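Spelled out from the first residue to the last, the chains are:
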Amino acid sequence: MATFLYRLGRGAFRRRGLVALLWVALLFAAGFGAASAGAPTSGSFSIPGTEAQKAFDLLEKRFPGMAADGATARIVIKAPEGAKVTDPGPKAEVEKIVGELKTGPGAAEISSVANPYEAQAVSQDGSTAYISAKYNVSGMELKDATRDALKDSGEGARAAGLNVQIGGDALMAAPETGSGEIIGIAVAAIVLVITFGSLVAAGLPLLTALIGVGIGVSSITALANVLDLGNTTATLATMIGLAVGIDYALFIVSRYRVELAEGRERDEAAGRAVGTAGSAVVFAGLTVVIALVGLAVVNIPMLTKMGFAAAGTVVIAVLVALTLVPAILAFAGKKVLPAGEKSRLFGKGKPAGTEKKANGGTRWARFVLRRPVMVLLAGVIGLGVIAIPASKLEMGLPDDGAQPVSTTQRQAYDLLSDGFGPGFNGPLMVVVDGDKALADSTADRIKGLNGVVAVTPATLNEAGDAAVITVIPKDRPSSTQTEDLVHEIRDGSGDNVLVTGATAMNIDFSQKMNDALLPYLALVVGLAFLLLMLVFRSILVPLKAALGFLLSVVAALGAVVAVFQWGWLGSVFGVEQTGPIMSMMPIFMVGVVFGLAMDYEVFLVTRMREAYVHGERPGQAVVTGFQYSARVVVAAAVIMIAVFAGFIGASEQMVKMIGFGLAVAVFFDAFVVRMAIVPAVLALLGHKAWWLPKWLDRLLPNVDVEGESLRKHLEQSSQSPEGPDKDRELVNA
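Just so we're clear, the structure is a prediction, and the values are computed from it rather than from any experiment. (Residues numbered from 1 in each chain as written. Predicted model: local features only at pLDDT ≥ 70, side-chain atom pairs only at ≥ 80, totals over all residues. Heavy atoms only, no water.)

Time to look at the pattern of salt bridges. Evaluation of the coordinates by the stated rule reveals 20 salt bridges. R255 is the partner of E610 in a salt bridge, and the nearest nitrogen-oxygen pair spans 3.3 Å. Highlighted residues: E610 in helix 19 (residues 585-613) and R255 in helix 9 (residues 233-261), separated in sequence by 355 residues. You'll find E610 and R255 in the same group, each marked buried. In this structure, D508 engages R490 in a salt bridge whose closest nitrogen and oxygen atoms are separated by 2.8 Å. Placement of D508 in helix 17 (residues 502-536) and of R490 in helix 16 (residues 480-491) is noted, with a sequence separation of 18 residues between them. Put simply, R255, E259, E262, R264, R607 and E610 are held in one network by salt bridges that share partners. (Salt bridge = Lys/Arg side-chain N within 4 Å of Asp/Glu carboxyl O. Helix = DSSP H or I, 4+ residues; strand = E, 2+ residues; numbered from the N terminus. Buried < 20%, exposed > 50% of the residue type's maximum accessible area, 1.4 Å probe, protein only.)

What follows covers the packing of helix 10 (residues 266-293) against helix 19. Between helix 10 and helix 19, the shortest axis-to-axis distance is 8 Å and the interhelical angle comes to 160°. Here helix 10 lies roughly antiparallel to helix 19, going by the angle between them. Considering the relative orientation of helix 10 and helix 19, their crossing is right-handed. Contacts between helix 10 and helix 19 pair A277, A280, V281, A284, G285, T287, V288, A291 and L292 from the former with G591, V592, G595, L596, M598, D599, V602, F603 and T606 from the latter. For the contact of helix 10 with helix 19, a count of residues per class yields 12 nonpolar, 5 polar and 1 charged. (Axes fitted to C-alpha atoms, helices over the stretch in contact; angles between N-to-C directions. Parallel < 35°, antiparallel > 145°, perpendicular 65-115°, else oblique. Left-handed = near helix turned anticlockwise from the far one by under 90°. Contact = heavy atoms within 4.5 Å. Nonpolar A, V, L, I, M, F, W, Y, C, P; charged D, E, K, R; others polar.)

A few words on the environment of S111. Within the secondary structure, S111 sits in strand 2 (residues 110-114). S111 gets classed as partly exposed once you look at its relative accessible area, which sits at 42%. Sequence separation between S111 and T72 is 39 residues; the distance between their C-alpha atoms is 10.0 Å. Once residues lying within four places of it in the same chain are set aside, the contact partners of S111 are K134, Y135 and N136.

Okay, unusual backbone geometry next. With phi around 65°, N299 is a residue other than glycine that occupies positive phi space. As for its position among the elements, N299 is in the loop between helix 10 and helix 11 (301-332). Residue N299 is classed as partly exposed on the basis of its relative accessible area of 39%.

Attention shifts here to helix 5 (residues 144-152). Along helix 5, the residues classified as buried are T146, R147, A149 and L150. Projected down its long axis, helix 5 shows its buried positions confined to an angular sector of 160°, all on one face. Buried-residue contacts for helix 5 involve strand 1 (72-78), helix 4 (88-103), strand 3 (128-135) and strand 4 (163-167). (Arc of directions from axis to C-beta.)

So, in structure tokens, the structure goes:
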């Protein structure tokens, strides 16, 4: 592996023009494809194997059009204090809105508009009414003119003193990240400048990462309609691709400068950097890809597509680091060196071989080696305390009730709750696969259940062999009482009665996530354990890596619960509305954070393994690993935290929660687990950390991440009278 990557790095360095041209051509091709493709849709959502999905499938067969995924809108109108929407003045304004929707701009995309006075959509006290509008296409596919017409439809009524708010997914738009993402990239740039002491060296990882993300996200956009990718897929790919792209390039450039500091020619330094640090990049990238692709185990098509798309962006980031980075290093020349060559990586300008003052990483490693038990206990107990809120985790999918209180969607949600009851925002749809007699008996039974406010008469299809009953719960959609009601309806019914609707879908989705968590953990951690065993030739080091990850991810979930569910420091992070944690958050964090956590494990411990294989004692190998890698790992972690934290400013609650969760998880894993717990455990284990049974050592292929075979190859090459000169002639040519 190391020898192959060494040749790849030198080849890219020599043929820098061709390599750069190929990547730029890929970027333009992907960009052209994205520009030519249609606007991405919201993506279809299905949960195979659940009762809610079976009910939707039955609806598509027996009630054509009813289960269509076109956008919906509810225009909620509340009369002024002391008035009613049934009064002549307010009624005229409401009917005017109905007329505008039917004949105004965007009417061509509307399939139906329900007049509230004909559809019994007026509250009992007469204070509130709502207009239901159904569109032919999804919210993401609506034309801007149609969406603007919907927003402006109540302006006349507002001028007349009515409170008009609009809910539903017709106002759905692509999530906005605001200025946070730009701030995250700016922080990354500052960290890179401080780390490298050179604007060129600092700009190189940013440039290559942006090229990789540009290719990845443009490809996703180009294929969005063909593969039915959701509108959040590109956001996830950007988040992951940008973070790992900067980190991978950072490690290659750092190792390149170290090789230059040891007096090697530029082409040789590039080859050795890709052969050593590049090996760590490959295996770190593989762990991320395994974690993302492993999301397919959950069997949720939307989640699977998100995982595969993000994994593709990670693969591009790895290829960019191995080929484009050395090519640009060739173009940069000596500009990649720090001003005055006084970077800490170069011993502040001291000649090679002179005594260097111990850097921060070395001093920290020596401190941990002196007090391993204290550091280990402090790290484990600290993360354990932060993880406590995770035991109170409540899961659900966000609806308009999770929107900020300043939005019209949230205000429409609250008006409906006040006028019609909390459960009105989450009606249950009961699908009966049978005749009218079965439907009527089912409706009568449901009316007698606690927690039910209203049950509509059964609506039969044309064939008379299926019916739909709408049930209005007493409590809000995300409450445990509503969940209990869904289970009660299902438990008392046969196979011919199915419960669906958005609320039932959310309940089934959460249950599916819970059921898939342990199998997913076993698959991802198991595969990564085998991969790390190949890398480190050890059993205890991969085991320690996996246990450390579990500790950091549970602590991160505890922080997410404290902020987004309990509201602690919610105002600091822009959380206007607390509620259940998004159902996919735990399994999503397990997948993404595991891959990212293994990055730091590979980068940090690989250097320790390299020192140990080359003859250093276990304790000294830990110090050597920190001496060369700690500064760069810290910089990489700060960059990744900054990039993820930039998404906390997103308008979409899901994106905000993911950004916060990943940023906190990286902080815990990089600074507590990898920088404190890992060296403490290695100090306590000593030689045992690198033990591997001889029979297993013979079975496992030697991937040579530490570069031992590369070193032997280079030593043999240097003894050949024409080897180095021939290579140098190729480079100069």
